[in-house]
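Observations on chain architecture
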Amino acid sequence: MRQNIRFGRFAGIPVGASWSAIVTLAIIADLVAASALPAAVPGQSAALYWGAGVAVAAAFLASLLAHELAHALVARRHGIKIRSVTLWMLGGVTQLDGDPRTPQADLQIALAGPAMSLLAGAAFVGAAAAISAAGGPRVAVAAAMWLALMNGVLAAFNLLPGAPLDGGRVLRAMLWHHWADRHRAERGATSAGRAIGAMLAILGVAEVLLTTDLIGGLWLLLLGWFMASAAAAEQGAASARALLAGVRVADVMTPDPDLAPSWLTVADFIRQFGGRSGQPAFPVIGPGGGLAGVVTVARLSRVAHPGRDQVRLGQLALPVPEEYLASPDDPAARLLGRDPLGGEVVAVVEDGGQITGLVTASNIQHALRWRKLAGATVSAAARPAPHW
Ligand SMILES: [Zn+2]
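Computed from a predicted model, the values in this text were never measured in an experiment.

1. Let's talk about the pattern of salt bridges
Between side chains of opposite charge, a pair can form as their charged atoms come close. Applying the stated criterion to the full structure yields 11 salt bridges. The salt bridge partner of Arg169 is Glu234, with a shortest N-O separation of 2.9 Å. A residue pair is termed long-range when its members are at least 10 positions apart, and Arg169 in helix H5 (residues 166-179) and Glu234 in helix H7 (residues 214-243) qualify at 65 residues. The salt bridge partner of Arg248 is Asp251, with a shortest N-O separation of 3.5 Å.

2. Observations regarding the layout of surface pockets
A volume near 180 Å³ is recorded for the second largest pocket. If you trace the second largest pocket, you find 13 residues lining it, with Leu336, Gly337, Ile364, Gln365 and Leu368 closest to the centre. Those elements that place two or more of their residues in the lining of the second largest pocket are H7 and helix H12 (361-373). Element by element, the count of residues in the lining of the second largest pocket is highest for H12, at four residues. Here the lining of the second largest pocket gathers at least three residues from each of two domains, domain 1 (5-243) and domain 2 (249-373).

3. Side note on unusual backbone geometry
In terms of backbone geometry, most residues other than glycine have negative phi values and most peptide bonds are trans. Going from Ala163 to Pro164, the amide bond is cis rather than trans, its omega being 5°. Secondary-structure assignment places Pro164 in the loop between helix H4 (138-158) and H5. Phi at Ala180 takes a positive value of approximately 55°, unusual for a residue other than glycine. In this fold, Ala180 is placed in the loop between H5 and helix H6 (182-210). Classification of Ala180 by relative accessible area gives partly exposed; the value is 23%. Despite not being glycine, Asp256 shows a phi value in the positive range, around 40°. Tracing the sequence through the fold places Asp256 in the loop between strand S5 (254-255) and strand S6 (260-261).

4. So, the sheet that holds strand S2 (residues 13-17)
Taken in spatial order, the four strands make up an open sheet running S1-S2-S3-S4, and their pairing is mixed. The open sheet has two edge strands, strand S1 (5-10) and strand S4 (91-97), and neither has a second partner. Here the strands of the sheet are splayed against their neighbours by 20° on average, with no regard to which way each runs. Where S1 lies against S2, five bridges are found, and the strand directions are antiparallel. Bridge pairing in S2 links Phe10 to Ile13.

5. Focus: the environment of Arg77
As for its position among the elements, Arg77 is in helix H2 (residues 46-77). On the basis of relative accessible area, Arg77 is assigned to the exposed category, the value being 65%. Sequence separation between Arg77 and Arg271 is 194 residues; the distance between their C-alpha atoms is 52 Å.

6. Examining the confidence of the model for the protein chain
Mean pLDDT over the protein chain works out to 90, with 96% of the residues at or above the 70 mark. Highest mean pLDDT in the protein chain belongs to helix H3 (residues 103-133) (97); lowest belongs to S4 (85). Note that residues 378-388 has pLDDT below 50 and, in this model, 26 contacts with residues that lie over four places away or in other chains.

7. Digging into the packing of H2 against H3
Packed helices, taken two at a time, are described by their axes: the angle between them and the distance between them. Running from amino to carboxyl end, H2 crosses H3 at an angle of 145°, the nearest separation of the two axes being 8 Å. Note that H2 runs across H3; the crossing there is right-handed. Contact with H2, carried on its side by Ser63, Ala66, His67, Ala70, His71, Val74, Ala75 and Arg77, involves Gln108, Ile109, Ala110, Ala112, Gly113, Pro114, Met116, Ser117, Ala120 and Phe124 of H3 and no other residues of that element. For the contact of H2 with H3, the per-class residue count stands at 11 nonpolar, six polar and one charged.

Calculation rules
Residue numbering note: each chain is counted from 1, following its sequence as written. For a predicted model such as this one, the threshold for reporting local features is a pLDDT of at least 70, and the threshold for listing and counting side-chain atom pairs is 80 or more; totals across whole chains, interfaces and linings nevertheless cover every residue. In computing side-chain values, all of the structure's heavy atoms are included and hydrogens and water are not. Here, a salt bridge means any Lys or Arg side-chain nitrogen found within 4 Å of an Asp or Glu carboxyl oxygen. Only DSSP runs of H or I with at least four residues qualify as helices, and only runs of E with at least two residues qualify as strands; both kinds are numbered from the N terminus onward. Here a cavity is any set of points on a 1 Å grid over the protein atoms alone where a 1.4 Å probe fits but cannot get out, and a pocket is any open set with protein on both sides within 12 Å along at least 5 of 7 lines; a residue lines the site when it has an atom within 4 Å of a point. Grid points are joined across faces, edges and corners, and a volume is the space filled by probe spheres set on the points. Throughout, the edges of the domains are those of an automatic or database domain assignment. Burial classification: accessible surface area is computed with a 1.4 Å probe over protein chains only, and a residue below 20% of its type maximum counts as buried, one above 50% as exposed, and the rest as partly exposed. Any two strands with at least two DSSP-identified bridges between them are counted as paired. Helix axes are fitted to C-alpha atoms over the stretch in contact, other axes to C-alpha atoms as well, and angles between N-to-C directions run from 0 to 180 degrees. pLDDT gives the predictor's per-residue confidence on a scale running from 0 to 100. Any pair of residues with heavy atoms lying within 4.5 Å of one another is described as a contacting pair. Here a crossing is taken to be left-handed if its near helix is turned anticlockwise relative to the far helix by less than a right angle, and right-handed if that turn runs clockwise. Residues are grouped as follows: Ala, Val, Leu, Ile, Met, Phe, Trp, Tyr, Cys and Pro are nonpolar; Asp, Glu, Lys and Arg are charged; all remaining types, including Gly, are polar.

Take a look at the structure:
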């Protein structure tokens, strides 16, 4: 999930939103200003309804962020690094860099979000009661009650027992504890997620056909479709992780890759390396020998002929974020599920400050294919069941 809008860091975690969250903000503001508030407190001015609608939408997105941050902070307490927390059209996403190591950790991380939503719901009930007792505006009371209700709905919906919802994580943790086999538990939770997603989508279609609530039906259809496809993607990722269990980065990387000096022009580089290197991408090194980025063959080929004598590789290099650096002994499964830089580079491998390898998307594909052929067992992914 791309963060187009950055809100800053909360407890060191980059928090932001994708553009699509603005759609959600508008839909909620419209729902509250045009239907919910006029129904609850009739006879007020449109300006008041809309002012309250926008405030409620913003407060609801803030409570979504609180839900995600609760996941993130509990995950961090269990030793998992947090990449980001991002709002988007269908809610919030917390990107974790790694997996919970035990079913207990899995369960606690999953429950933290809905627990926070319930807490937020209770806080909004309290706010409504306080405003009402103080003789405050009735629109404010209705707005706080709406927020309380929505946080409750959010907690309840998220507890549906199918991945990628929190309830799916709860199911996974319980199955994992029961079977002592993480991969099998993951398959169970993602299968449940596909089934629930399909059911929601069917309900959405029924709503479109049988009732007048076109928007509500389409939204349910979209949500169901998204959930089923996310569950399917997660199932694929889980199988890939199981295949790479026990495999190190050093086992999948292209060792000692050809390096591209940043000061060379594109023309000189093609002259020196053209046809000799089989790599689809190159780490770019600066004059001091340090990593200055990566450049892909596709990116080189986009430089038009007259420019090739002027453009230097340093100008073309894509920066390498820290999470794209790996050590040879890191587990290869950690590299799964990330967007390759320039469509190619999954990791630059460094050992003691030296670039010793390059992992591309095709390296990963290759490794997965061979592990599958070799009939890699998934037992390595299973762990002894601890008690909780
Ligand atoms: Zn959640």
